[in-house]
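Chain residues, written in single-letter form:
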Amino acid sequence: MVLGFAGISLCYLAALFGAGVLLTDLPTQVRLIGSVEPGWLALGWLLQLATLPVLGMRWLQLMRPSAPVQLSLGESASLQLLVMGLNIILPGPGGDLTVSFIVRKTRGVPVSLSLAASIYARFAGLTMAVVLALLCIPSLPDRILPAGLLGGLINGALVLALAVAMLLLFSLYPRLLGRLAGWLNAWSRRWRSRGRVRVSSMSRALGGFIELLGWCLYATVTRGRSAVGIALLWSCANYLLLAGTAFCVAAALGVDFSPGAALFLVTIGALMSLVTILMPLGGLAEEAVVFGLLGKLTGATAGVAVTYLLLFFSIRAFLLLLSVLVTLHMVRQARAEMGGGLPARRLEEILERLRPEPPEA
């Protein structure tokens, strides 16, 4: 895994450098890299590093309404950064699912519980990104933005509002997912009667997962209303730190970049990377958006824009590699402590804890 991340990162950095050479020439690209102010770059690295506890705390707080979680802030922060890295490579919520299985293996936390927290964390981030991007538009430099960007942002906000409404619907009425689980369980019995034991087991497992996910979402939104609200604040803090990183990288290159423009850049980039996450390598769309907007917002040349991406991605690649090393250490340590493995937990016992208590007679 470590070699895979390192190899992908090096190939991507080499591709960016090659693109810079093609858009300008080799001496210009080397001169741009050599002109970087290391002090600003170091400050950007520290700001990027500060996003780790922010993301980790947001995830932990969203998990706690469902059940106590034996996970430290450092472990949570490392896992959330691993989510970011895997979501760049894997289609769909591949990073979130992978990390949920890691937490299941190392801490015995049900996948549905950690995934419910990831879903709310994702929606908190999307919501705050849209809000901050819209608030930043009046403060942008007097330059023409790409055609249709504002209209697309408003349409995206409407789609997001509909998606949030659907999430709340399933969260407040978990029996909707329970009916789907019941349908899968019925099919499981049919498959078993036909001798398709493997398919029957998979259908029953999927039904149990969906039912538990519904009640985890319910516990999050009913017992953890304050956690959901605070998750929005953590998301805001995350984007402010990312904007600080973007500002520092621009300052390291001597690019005139306002704080409002930096915040707009990272929020739009985050929205694009999440929208395109359904495609393999779709997370790389963020870099394409940053490249296109940087010239519009700052008047930077193509060579400077590519160098900016090169520096910005090198900071993220280092942190992603660090997160992989910490995660591997955590998994190995947990395996050593577990010995024979974690005891299985009965689904009914977990559901009994998550369902609302019956009203007193």
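Look above for the structure.
Residues numbered from 1 in each chain as written. Predicted model: local features only at pLDDT ≥ 70, side-chain atom pairs only at ≥ 80, totals over all residues. Heavy atoms only, no water.

Student: Can you help me understand the nonpolar core in this one?
Tutor: Within soluble globular proteins, side chains that are nonpolar tend to cluster in buried spots. Among the nonpolar cores identified, the biggest contains 48 residues, and Tyr 239, Phe 257, Phe 264, Leu 265, Leu 297 and Tyr 308 are the most heavily contacted of them. When residues of this core are traced back to their parent elements, those giving at least two are helix 1 (2-23), helix 6 (111-136), helix 7 (149-172), helix 10 (225-253), helix 11 (259-275), helix 12 (285-298) and helix 13 (302-338). No other element matches the ten residues that helix 13 contributes to this core. Leaving out residues up to four positions away in the same chain, Phe 257 has contacts with Ala 246, Phe 247, Ala 250, Ala 262, Leu 265, Leu 294, Leu 297, Thr 298 and Tyr 308. Counting 41 residues, the second-largest nonpolar core is a separate cluster that includes Val 109, Ala 121, Ile 210 and Ala 227. (Core = buried A, V, L, I, M, F, W, Y, C linked by side-chain atoms within 4.5 Å. Buried < 20%, exposed > 50% of the residue type's maximum accessible area, 1.4 Å probe, protein only. Helix = DSSP H or I, 4+ residues; strand = E, 2+ residues; numbered from the N terminus. Contact = heavy atoms within 4.5 Å.)

Student: Looking at this structure, I do not really get the state of the cysteines. What am I missing?
Tutor: Chemically, a disulfide is nothing more than a covalent bond linking the sulfur atoms of two cysteines. Enumeration over the complete set of coordinates arrives at zero disulfides. Cysteine Cys 136 remains unbridged, with the sulfur of Cys 236 as its closest cysteine sulfur at 9.8 Å. (Disulfide = S-S within 2.5 Å.)

Student: How should I be thinking about the packing of helix 7 against helix 9 (residues 197-223) in this particular structure?
Tutor: Pairs of packed helices are described in terms of their axes, by the angle between the two and the distance that separates them. For the pair helix 7 and helix 9, the least separation of the axes is 7 Å and the interaxial angle reads 105°. The orientation of helix 7 with respect to helix 9, classified from their angle, is roughly perpendicular. Note on element contacts: helix 9 touches helix 7 through Gly 214, Leu 217, Tyr 218, Val 221 and Thr 222, opposite Leu 167, Leu 168, Phe 170, Ser 171 and Leu 172. Along the lines of polarity and charge, the residues of the contact of helix 7 with helix 9 split into seven nonpolar, three polar and no charged. (Axes fitted to C-alpha atoms, helices over the stretch in contact; angles between N-to-C directions. Parallel < 35°, antiparallel > 145°, perpendicular 65-115°, else oblique. Nonpolar A, V, L, I, M, F, W, Y, C, P; charged D, E, K, R; others polar.)

Student: Is there a simple way to explain the packing of aromatic side chains in this structure?
Tutor: Where two aromatic rings form a pair, the distance of their centres and the angle of their planes describe that pair. Under the defined criterion, the tally for this structure stands at six aromatic pairs. For the ring pair Trp 40 and Phe 247, a centre distance of 6.1 Å and an interplane angle of 75° mean the geometry is edge-to-face. In this pair, Trp 40 sits in helix 3 (residues 38-63) while Phe 247 sits in helix 10, placing the two residues 207 residues apart along the sequence. The class of Trp 40 is partly exposed, set by a relative accessible area of 35%. We classify Phe 247 as partly exposed; its relative accessible area is 27%. Judged by centre distance (5.4 Å) and plane angle (75°), the ring pair of Trp 215 and Tyr 218 falls under edge-to-face. You can see Trp 215 and its partner Tyr 218 sitting in helix 9, three residues apart, about one turn around the helix. Taking the ring centre of Trp 187 as reference, the NZ or CZ of Arg 190 above it sits at 4.9 Å. In this structure, Arg 194 packs its charged tip against the face of Trp 191, placed 5.6 Å from the ring centre. (Phe/Tyr/Trp six-rings, centres within 6.5 Å; stacked < 30°, edge-to-face > 60°. Lys NZ or Arg CZ within 6 Å of the ring centre and 35° of its normal.)

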